[in-house]
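Coordinate analysis (summary)
Residue-level listing of the chains:
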Amino acid sequence: MSREAVESLMDRWVNEPSFRVALRADPEGTVRRSGVELDEEELAALRNTDWSLPDEELQARASKL
């Protein structure tokens, strides 16, 4: 995934509450519907994320990527 794609997803996470809700409910499907393509390693990271963590914790973890 390109840096621009990651930044786009992060921007949506921060600014679109409905995107956060959708991502928590169906992370892989939500990212796919957003048009961003992930490689297998990125999909594994997405699948292994604990989406029950608070928004602040998820945002902090994502910003380290």
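Everything numeric here is computed off the predicted structure, so don't read it as measured data. (Residues numbered from 1 in each chain as written. Predicted model: local features only at pLDDT ≥ 70, side-chain atom pairs only at ≥ 80, totals over all residues. Heavy atoms only, no water.)

A count of helical and extended segments in the chain gives five helices and zero strands. Its helices and strands in sequence order give the chain the pattern α-α-α-α-α, from N to C terminus. Scaling as 2.2 N^0.38, a compact globule of 65 residues should have a C-alpha radius of gyration of about 11 Å, and the chain matches this with 11 Å. On the principal axes, the C-alpha backbone points of the chain span a range of 25 × 20 × 20 Å. A total of 65 residues make up the chain; the buried ones form 26% of that total. Within the chain, residue pairs in contact and separated by at least 24 positions form 46% of the contacts whose partners lie at least 6 positions apart. By element, 50% of the accessible surface of the chain is carried by carbon and sulfur atoms, the whole surface being about 4,600 Å². (Helix = DSSP H or I, 4+ residues; strand = E, 2+ residues; numbered from the N terminus. Rg over C-alpha atoms; globule rule 2.2 N^0.38 Å. Buried < 20%, exposed > 50% of the residue type's maximum accessible area, 1.4 Å probe, protein only. Contact = heavy atoms within 4.5 Å. Areas by Shrake-Rupley, 256 points an atom, 1.4 Å probe, with all protein chains shown as cover.)

Side chains that differ in charge, positive against negative, can pair when their charged atoms come close. The tally for this structure, following the rule as stated, stands at six salt bridges. Between Glu-28 and Arg-32 there is a salt bridge; the shortest N-O distance is 2.7 Å. On the criterion of helical spacing, the pair formed by Glu-28 and Arg-32 is a turn pair, its members being four residues apart in helix H3 (residues 27-33). Put simply, Arg-20, Arg-24 and Asp-55 are held in one network by salt bridges that share partners. (Salt bridge = Lys/Arg side-chain N within 4 Å of Asp/Glu carboxyl O.)

The next point concerns the nonpolar core. In this structure, Leu-23, Val-31, Val-36, Leu-38 and Trp-51 are the most contacted members of the largest nonpolar core, which totals 13 residues. Within the residue set of this core, elements represented by two or more residues are helix H1 (3-15), helix H2 (17-25) and helix H4 (40-47). With three residues, H1 is the largest single contributor of residues to this core. (Core = buried A, V, L, I, M, F, W, Y, C linked by side-chain atoms within 4.5 Å.)

In this model, the chain carries an average pLDDT of 86, and 92% of its residues clear a pLDDT of 70 or more. The least confident element of the chain, judged by mean pLDDT, is helix H5 (residues 55-63) at 81; the most confident is H2 at 94. (pLDDT = per-residue confidence, 0-100.)

Let's shift gears to the packing of aromatic side chains. Evaluated as defined, the whole model comprises one aromatic pair. On the numbers, 6.1 Å between centres and 55° between planes, the contact of Trp-13 with Trp-51 is tilted. Of the two residues, Trp-13 is situated in helix H1 and Trp-51 in the loop between H4 and H5; the sequence distance between them amounts to 38 residues. Looking at Trp-51, the relative accessible area reads 16%, which means it is buried. The aromatic ring of Trp-13 is capped on one face by Arg-20, whose charged end is 6.0 Å from the ring centroid. (Phe/Tyr/Trp six-rings, centres within 6.5 Å; stacked < 30°, edge-to-face > 60°. Lys NZ or Arg CZ within 6 Å of the ring centre and 35° of its normal.)

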